[in-house]
Amino acid sequence: MRRILRTDRLVLRRWEAGDREPFAALNADPEVMAHFPAPLTRAESDAMVDGIEARFEGEGFGFWALETADTNRFIGFTGLAVVRFDAPFTPAVEIGWRLARSAWGHGYAAEAARRALRFAFDDARLDEVVSFTSTANLRSQAVMERIGMVRDAAGDFDHPLVDDGHRLKRHVLWRITAAAWHGDHRRTARMESR
């Protein structure tokens, strides 16, 4: 079953053929890709979509294509992925997002990430989810904090897939456990019912 996840403003769904062109444009944007080693070519972008879809089939989750609910406009991705490199915190599942510049500043990343975390803990029954990014990527770190993740400074690491000496080599690690997620949502529900 190809499950669709929804929020008030967003739809998280499996990828469609029409997503490839706007996704390639997003991946070719130097500002969007500022915290990655390089922008992606169209072939690399398409290969990424193929890999995401294959992981959905194998693992039951992945990076969902993200669109606005009112216009059905593709704006990027948000979702979950098994970390595929060795690090002190692996094995692990990460949460990640990548949005077109036109979608920045609207709170979409945090809104979609919260929905992905709900799936992670309520449906996939994961015990913990991590997120990581280069030390300079303060925008993504702000999203991590907004969705309830906690910085694990002792877990910061040199990304093994980034060349030594590269400005993006050092990464920060953030975590959230199922217990913390459920506890936070129970507190929020109690406060809202008052």
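Residues numbered from 1 in each chain as written. Predicted model: local features only at pLDDT ≥ 70, side-chain atom pairs only at ≥ 80, totals over all residues. Heavy atoms only, no water.

Chemist: Please give an account of the overall build of the chain that cites residues and values.
Modeler: In terms of regular secondary structure, the chain is built from five helices and nine strands. Along its sequence from the N terminus, the chain presents helices and strands in the succession β-β-α-α-β-β-β-α-β-α-β-β-β-α. Radius of gyration (C-alpha) of the chain: 16 Å, near the 16 Å computed for a compact globule of 194 residues. With respect to the principal axes defined by its C-alpha atoms, the chain has extents near 50 × 40 × 35 Å. Per-residue burial over the chain gives 48% buried out of 194 residues. Within the chain, contacts between residues separated by at least 24 positions form 61% of all contacts whose residues are at least 6 apart in sequence. (Helix = DSSP H or I, 4+ residues; strand = E, 2+ residues; numbered from the N terminus. Rg over C-alpha atoms; globule rule 2.2 N^0.38 Å. Buried < 20%, exposed > 50% of the residue type's maximum accessible area, 1.4 Å probe, protein only. Contact = heavy atoms within 4.5 Å.)

Chemist: Account for the nonpolar core, with residues named and values stated.
Modeler: In this structure, W15, W64, L80, I95, W97 and V129 are the most contacted members of the largest nonpolar core, which totals 48 residues. The biggest single contributor to this core is helix α3 (residues 108–123), with ten residues. Counting residues in each nonpolar core, the second largest holds nine residues, with A87, V130, F157 and L173 among its members. (Core = buried A, V, L, I, M, F, W, Y, C linked by side-chain atoms within 4.5 Å.)

Chemist: Tell me about the packing of aromatic side chains, and name the residues and values.
Modeler: Applying the stated criterion across every chain, the model contains 14 aromatic pairs. Ring plane angle 75 degrees and centroid distance 5.6 Å describe the contact between F85 and F132, whose orientation is recorded as edge-to-face. Here F85, found in the loop between β4 (74–82) and β5 (93–99), pairs with F132, found in strand β6 (residues 128–134); they are 47 residues apart in sequence, far enough to count as distant. Across the pair, F132 and F85 agree in class, each one buried. A network of ring pairs unites the aromatic residues W15, F23, F63, F74 and F77 as a single cluster. Lying across the ring of F36, R98 places its NZ or CZ 4.3 Å from the centre. (Phe/Tyr/Trp six-rings, centres within 6.5 Å; stacked < 30°, edge-to-face > 60°. Lys NZ or Arg CZ within 6 Å of the ring centre and 35° of its normal.)

Chemist: Provide a residue-level description of empty space enclosed by the protein, including the pertinent values.
Modeler: The final tally for this structure, using the stated rule, is one cavity of 30 Å³ or more. Of the voids in this model, the largest cavity is the one considered here, and its volume is about 30 Å³. Around the largest cavity sit I52, R55, E59, F61, G62, F63, L80 and A81, which together line it. The set of elements that each furnish at least two residues to the lining of the largest cavity consists of α2 (42–59) and β4. Considering every element that reaches the lining of the largest cavity, the biggest residue donor is α2, with three residues. Across the lining of the largest cavity, the residue classes tally to five nonpolar, one polar and two charged. (1 Å grid on protein atoms, 1.4 Å probe; cavity = no way out; pocket = protein on both sides within 12 Å on 5 of 7 lines; lining within 4 Å. Points joined across faces, edges and corners; volume = space filled by probe spheres on them. Nonpolar A, V, L, I, M, F, W, Y, C, P; charged D, E, K, R; others polar.)

Chemist: So what's going on with the layout of surface pockets? Residues and values would help.
Modeler: Gaps between atoms show up when a probe of the same size as a water molecule is rolled over them. Roughly 1,300 Å³ of internal volume is contained in the largest pocket. As for the largest pocket, its lining consists of 46 residues, of which F36, F77, E94, W97 and R98 are closest to the centre. The set of elements that each furnish at least two residues to the lining of the largest pocket consists of α2, β4, β5, α3, β6 and α4 (138–146). Across the lining of the largest pocket, the residue classes tally to 28 nonpolar, eleven polar and seven charged.

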